[in-house]
Amino acid sequence: MNRMPDAVYREFEAVVGRRNISRDPAVLETYRAIPAQSSDHRGPHEGKTPMPQAVILPGSTEEVQGVVRLCNRYGIQFKAATTFWSVMGYIGSEASVQLDLRRMRTFEIDARNQVAVLEPYVIGGAIQAEAMKVGLTLNIPGVGCSSSVVASTAGWVGFGPTSISMGCASENMLGAEWVLPSGEILRTGSLGAGAGWFCGEGPGPSLRGILRGKQGTAGSFGVCTRMAVRLHPWPGPAAIPTRGTVPAYKASLPDNFKAYTLCFPTWEAYADAIRLFHENDVLFLGHRQFNMFGRDIKAAMIRILNDPDLQLADLPALCEDPYLKEQNEKMKIDIQVILAGQTARDTDYKEMAVDRILEITGGWKSEMMLDKELADWVLLYLIRMGHKNLNYVLCGAYEGNFGLSSNVYVSASVMEEASDLKRKWEEQGTAIAAVGGDSDMGSICIMGGGGSTGWEFFTHFDAYEKASTRGTAEFFNATQAWMNEKGLGVDMGKWNQSARRPDGFYFSQAEQDAMFEKLPQPLVTEYQFKVREAFNPNDLCGSYYRTLDPNRASRRRNEG
Amino acid sequence: MPLQDYRPMMERCSNCLNCRWVPFDKLKSLRFGENCPSVCYYGFGTYSARGRFQLGQSVLDGEVDESEAVGDIIHSCLACGACDVSCKVCRYNLEPLAHNLALKEEAVSRGWVKPAHRAIMEGLRTEQTMLPGRRKADRTAWQEGLGLKDVFQEKAEVLFFPGCKYAYEEDLREKTRGMVRLLKKAGVDLGVLGSAEACCGGRAADMGYADEARERVAANCRACGKAGVTTVVTPCADCLHAFKRQYAEAGATFEVLHVTEYLERLVATGALALPGRIPMTVTYHDPCKLGRQGEPYEAWNGVEKKIRNQIHTWDPKRPRYNGAYGVYDAPRRLLEAIDGVRLVEMERIREYSWCCGASGGCEAAEPEFSAWTASERVTEARATGAAAIATACPWCKGRLGTAVDENGDAMPVVDIVDLVLQAAGEVQA
Ligand SMILES: Cc1cc2nc3c(=O)[nH]c(=O)nc-3n(C[C@H](O)[C@H](O)[C@H](O)COP(=O)(O)OP(=O)(O)OC[C@H]3O[C@@H](n4cnc5c(N)ncnc54)[C@H](O)[C@@H]3O)c2cc1C
């Protein structure tokens, strides 16, 4: 690897100060994503991402701009990341610097306008805690509250359990300030018109749409240095009161909060219920959470997580417990919901609506989860979203597969078949954890109020053991083949396979061209090429923004 | 466990960043939400427990041989264990604190040592104390005239073990003597190790000097064994931790109690009265070694076992030190037993308390970092409106007592024992 010339390094150092830049191998090595940082949606991978030339901690928009300008001057790629949950935030070429935005952590809450203005290192949990002090809260994406709100909102999809009542990142993102890959500063939404932070769109074409769109552009449009997000009413106390012994903390919330695990006799009934929830607007939060552990072990896992003296070693015995087995059976097709009434009447109405939906669909409330201690644990878990690392609890790594569907009836109709496929791999091989086939963690809302849903089967594997990683990759090939057969599109575990190579490097333009010219709609990527040319003329932010060179495409078209 | 045995953990840590924050369920603000002083101060993710796992991997793989900073980074861990608690909210198979210590041990074995540690370790080797410049011959001066039993000569119900600070430091010695007088007045049959009293070794272990620590543990275990000690009471949180965990691991079977636990028992049973009134609002700083690291030792000798193909667990079940059973309530109850004392809590308390900055060898080797860590705590304490910080460890008291908050203002710091002595009429305010 070529080292950055000393003179160039000194220029970066002059921008951020000596303390805030490093090229010491000990630091650089820790800014390489490892295989355990799975769930990057490009399948289980081996090896690390490339080593950056330097890691830089800018502390302000001006410093970010200074760094980006130098990157342009010297043709150095850069990638900004803040909380680094997924590999998306890591650089993908050796001629790169990694920006870690942890020094940027100011925030301001405008309670009257229900807006929070944030710098990147303000995590979801912190802003929620601050917002609750003034009777507000925010949508915390499914990645959990340890993740940067700005990263989730500017960089990726940003849907979560409260999206049913609060919408997703694309809907909650208001005014924003960006340092574009060219080094220019762009202010979007009402902020760009000098009218404050309150609105995501400003006059003219949607810059929010270009810079993040629905899915987020994973750091391909430079650095969002500040943004406003919408806050939503919080009908609870100024702080979530907690009790219990670590890790089995519980919320002691008033009676207007209810947590239920709703269960259904069939997948059709489940889909009907979700449709009715979308239509009736009664949920504060809805998410299929605990099934991520797996159909056969979820009740035992809930027991473990609620008893400070239990641990994974207790799993085999608990899985044999007849009561817990029975609960697994009863919660086979389930979803967690939280109601939050604004008034006593509102709470009653919501309760009635839930009961009526259960009546219509033949569903029931899980008796085990009605236990007050468990319900209070669920309230804390899902409102704060502070236990997302349980995603990794079984094996240290997982990747979600199968995927998203525009309509819950699509996934519901194939859920058992998908489960059987996974169960077969669990039973016939050892690469993936055997948890009972169905390990779907279902997002019931990928846009505000309803709409598309997720069905992400958690496939737990051991990134330390190559046989497990490789076997899991083979399993994903099998699920992709099945998805193809069913016409279900790209498996979630492979979404980002066209964004970063298996060795962790970005794709070159030629490699992207070769992939994308075969797309059914190559024009999208051609259009993106043109957008990139405009915003990122030196191509400094990597291949998560898929582009197809129009010249190559037209040459091929002419040849064809 | 040597560093290479942590490789599976290094490779299974998924970078969730829990190790940088208090357990999220307990997060009350951004200002006081983080838990790892090292990553907060130095900035790079390298300094977090996750970064250290990856650094450990790079050390084993020889990828950082040209690093100038590697030793500094490794030794910048306070060994406070806040990362350990937060990590284990969700993970059942990672041991960040134990790994950080193994990394330090590896660094020491490779000669990546901090110059400031040399003098301390020299003092430990020659004078058996962590306080450089102090002499072994002076250690027992605090015992003079107290009529304490020498446990080698006479059996005593309780061995009082003051630790280096309470034995040597002039301003503390009087308090040590006061404590002894108070305990005796309450009818406790006290003894000391006499001239065999020496450092517990706990702080050496936190600095990565495992051999030296083991030597101290072995020597003190031998002494206690010879004297037939059954209960040890100490006012030092570091000593408590060493006795409770490292000594137990080395085979010791005596009961170990912090003096606040013992005093609280005496108050509860009526053996000790606290008639004095101290009108004061205090906030309590949980010492790491008494709180989250003060859990009882459980022996374990097992191996990793995979169940259900790939779920890794331990056979037999491995003790899970996560702060659940640390010593938090006794010091608080003792404070509340003093008439006039009002306790107000900081945001980061109990198992997710913020470290004072005195541990892990950082106070000597990284004084600015250590002072900043303490300053953060004083700022947090100030925000409660308390008039003073109460604590239960001489190292915390010393560190916080010499720190100032973010505005440059100091805050009075008292050991709970100081207040108890006052309330009991043993000393004047
Ligand atoms: C276990 C797990 C569960 C997840 N669950 C969900 C889920 O339920 N819903 C969902 O929507 N997503 C989910 N994700 C994806 C996740 O949303 C993103 O990883 C997250 O939103 C961003 O947080 P992060 O810590 O990964 O951020 P980072 O690593 O900081 O960045 C994520 C991306 O955003 C870019 N970025 C970061 N900061 C900025 C900035 N200031 N300006 C511009 N770009 C920036 C980065 O370059 C990177 O591409 C999940 C990821 C994981 C690992």
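Note that the structure is predicted; figures quoted are calculated from it, not measured.

Calculation criteria
Residues numbered from 1 in each chain as written. Chains lettered and ligands numbered in written order. Predicted model: local features only at pLDDT ≥ 70, side-chain atom pairs only at ≥ 80, totals over all residues. Heavy atoms only, no water. Pairing = 2+ DSSP bridges. Helix = DSSP H or I, 4+ residues; strand = E, 2+ residues; numbered from the N terminus. Axes fitted to C-alpha atoms, helices over the stretch in contact; angles between N-to-C directions. Contact = heavy atoms within 4.5 Å. Parallel < 35°, antiparallel > 145°, perpendicular 65-115°, else oblique. Left-handed = near helix turned anticlockwise from the far one by under 90°. Nonpolar A, V, L, I, M, F, W, Y, C, P; charged D, E, K, R; others polar. Polar contact = N/O pair within 3.5 Å; in protein donor to acceptor, adjacent residues only side chain to side chain. Salt bridge = Lys/Arg side-chain N within 4 Å of Asp/Glu carboxyl O. Buried < 20%, exposed > 50% of the residue type's maximum accessible area, 1.4 Å probe, protein only. Near = heavy atom within 4 Å. Areas by Shrake-Rupley, 256 points an atom, 1.4 Å probe, with all protein chains shown as cover. Domains from an automatic or database assignment. Buried area = accessible area lost by both parts, 1.4 Å probe. Phe/Tyr/Trp six-rings, centres within 6.5 Å; stacked < 30°, edge-to-face > 60°. Lys NZ or Arg CZ within 6 Å of the ring centre and 35° of its normal.

K.L.:
Honestly, the pairing of strand S6 (residues 277-284) of chain B in this entry has me stumped. Any pointers?
P.N.:
Put simply, side chains in a regular strand alternate between the two faces of the sheet. All names here are of chain B. Where S6 meets strand S9 (residues 339-343), 4 bridges bridge the pair, whose relative direction is parallel. Among the inter-strand pairings, Arg 277 is bridged to a residue of S9, identified as Asp 339. In terms of strand pairing, S6 meets strand S10 (residues 388-391) through 3 bridges, oriented parallel. Each bridged residue has a counterpart across the sheet, and for Tyr 284 the counterpart in S10 is Ala 390.

K.L.:
For this particular structure, what's the right way to read the sheet that holds S6 of chain B?
P.N.:
Sheet strands line up and pair through hydrogen bonds in the backbone, either parallel or antiparallel. Residues and elements named next belong to chain B. Ordered in space as S9-S6-S10-S11, the 4 strands form an open sheet in which the pairing is parallel. Strands at the two margins of the open sheet, each flanked by one partner only, are S9 and strand S11 (413-415). Looking at each pair of strands side by side, their axes are set apart by 40° on average, direction ignored. Sheet topology places S10 next to S11; 3 bridges connect them, and they run parallel. Of the residues in S11, the one forming a bridge with Thr 391 is Asp 415. Running over the sheet, helix H17 (residues 394-401) touches S10 and S11 and is turned about 170° from S11.

K.L.:
Looking at this structure, I do not really get the packing of helix H1 (residues 6-16) of chain A against helix H3 (residues 61-74) of chain A. What am I missing?
P.N.:
Geometry of a packed helix pair, given as the angle between the helix axes and the separation of the axes. All names here are of chain A. Where H1 contacts H3, the two axes come as close as 8 Å, and the packing angle between them is 165°. Taken together, H1 and H3 sit at an angle that is classed as roughly antiparallel. In this structure, the crossing between H1 and H3 has a hand that is right-handed. In this structure, H1 contributes Val 8, Glu 11, Phe 12, Val 15 and Val 16 to the contact, and H3 contributes Glu 63, Gly 66, Val 67, Leu 70, Cys 71, Arg 73 and Tyr 74. Of the residues contributing to the contact of H1 with H3, the split by class is 8 nonpolar, 1 polar and 3 charged.

K.L.:
Is there a simple way to think about unusual backbone geometry in this case?
P.N.:
Residues Val 246 of chain A and Pro 247 of chain A are joined by a peptide bond in cis, for which omega reads 0°. Its place among the elements puts Pro 247 of chain A in the loop between strand S12 (242-243) and strand S13 (250-251). A cis amide bond links Asp 315 of chain B with the next residue in sequence, Pro 316 of chain B, at an omega value of -10°. Mapped onto the elements of the fold, Pro 316 of chain B is located in the loop between strand S8 (311-315) and helix H14 (329-336). Unusually for a residue other than glycine, Phe 84 of chain A sits at a positive phi of about 55°.

K.L.:
Before we go on, may I ask you to explain the side chain of Asn 15 of chain B in this structure?
P.N.:
For Asn 15 of chain B, the location among the structural elements is in the loop between helix H1 (7-12) and helix H2 (37-42). A distance of 2.8 Å separates the side chain of Asn 15 of chain B from the backbone oxygen of Phe 84 of chain A, its partner in a polar contact. Sequence-distant contacts of Asn 15 of chain B, that is, excluding residues within four places in its chain, are made with Gln 37, Phe 84, Trp 85 and Tyr 90 of chain A together with Arg 50 of chain B.

K.L.:
How should I be thinking about the pattern of salt bridges in this particular structure?
P.N.:
Once the charged atoms of two side chains with opposite charge are near each other, the side chains can pair. Residues and elements named next belong to chain A. Applying the stated criterion across every chain yields a total of 84 salt bridges over all chains. The salt bridge involving Arg 73 is made with Glu 11; its shortest N-O contact spans 3.0 Å. Of this pair, Arg 73 sits in helix H3 while Glu 11 sits in helix H1, and the two are 62 residues apart along the sequence. Arg 73 gets classed as exposed once you look at its relative accessible area, which sits at 56%. Through salt bridges that share partners, Arg 288, Arg 295, Lys 298, Asp 334, Glu 416, Asp 438 and Asp 440 make up one connected network.

K.L.:
How should I be thinking about the site of the ligand in this particular structure?
P.N.:
All names here are of chain A. Lining the immediate environment of the ligand, one finds 32 residues, of which Ala 80, Thr 82, Thr 83, Ser 147 and Gly 158 sit closest. At 2.7 Å, a backbone N or O of Ala 80 approaches an oxygen atom of the ligand. Starting from 930 Å² of accessible surface for the ligand in isolation, the protein chains cover 98%. Every element with two or more residues in the shell around the ligand is listed here: strand S3 (77-81), helix H5 (149-155) and strand S10 (223-230). If you tally residues by element for the shell around the ligand, the top one is H5, at 4 residues.

K.L.:
What is the right way to look at the domain arrangement of chain B in this model?
P.N.:
The figure often quoted for interface size is the accessible area lost as the parts come together. Residues and elements named next belong to chain B. Split into domains, chain B comes out as domain 1 (1-113), domain 2 (116-269) and domain 3 (273-291 + 326-429). A straight line from the C-alpha centre of domain 2 to that of domain 3 covers 21 Å. The partner domain 3 presents 29 residues to the 31 residues of domain 2 that form the contact. Between domain 2 and domain 3, roughly 2700 Å² of surface is buried when both sides are summed, and carbon and sulfur atoms account for 69% of that area. When the buried surface of domain 2 facing domain 3 is broken down by residue, Arg 203, Thr 260 and Glu 264 rank first, second and third, together holding 20% of it.

K.L.:
When you look at the environment of Leu 370 of chain A in this model, what are you seeing that I'm missing?
P.N.:
Looking at where Leu 370 of chain A falls in the secondary structure, it is placed in the loop between strand S17 (364-365) and helix H14 (372-384). Note on Leu 370 of chain A: relative accessible area 44%, which makes it partly exposed.

K.L.:
Which parts of the structure should I look at to understand the packing of aromatic side chains?
P.N.:
For any pair of aromatic rings, the description rests on two quantities: the centre-to-centre distance and the angle between the ring planes. This structure, assessed with the given rule, holds 35 aromatic pairs over all chains. Both rings, one in Phe 402 of chain A and one in Phe 457 of chain A, keep their centres 4.7 Å apart while their planes meet at 75°; by these two values the pair is edge-to-face. You can see Phe 402 of chain A sitting in strand S18 (residues 397-405) and its partner Phe 457 of chain A sitting in strand S20 (residues 453-461), a full 55 residues away along the chain. Judged by relative accessible area, Phe 402 of chain A falls into the buried class, the value being 0%. You can call Phe 457 of chain A buried: its relative accessible area is 0%. Through a chain of ring-to-ring contacts, the aromatic side chains of Tyr 41, Tyr 42, Tyr 47, Trp 354, Phe 369 and Trp 372 of chain B assemble into a single cluster. Of note, Arg 203 of chain B hangs over the ring of Trp 395 of chain B, and the distance from its end group to the ring centre comes to 3.5 Å.

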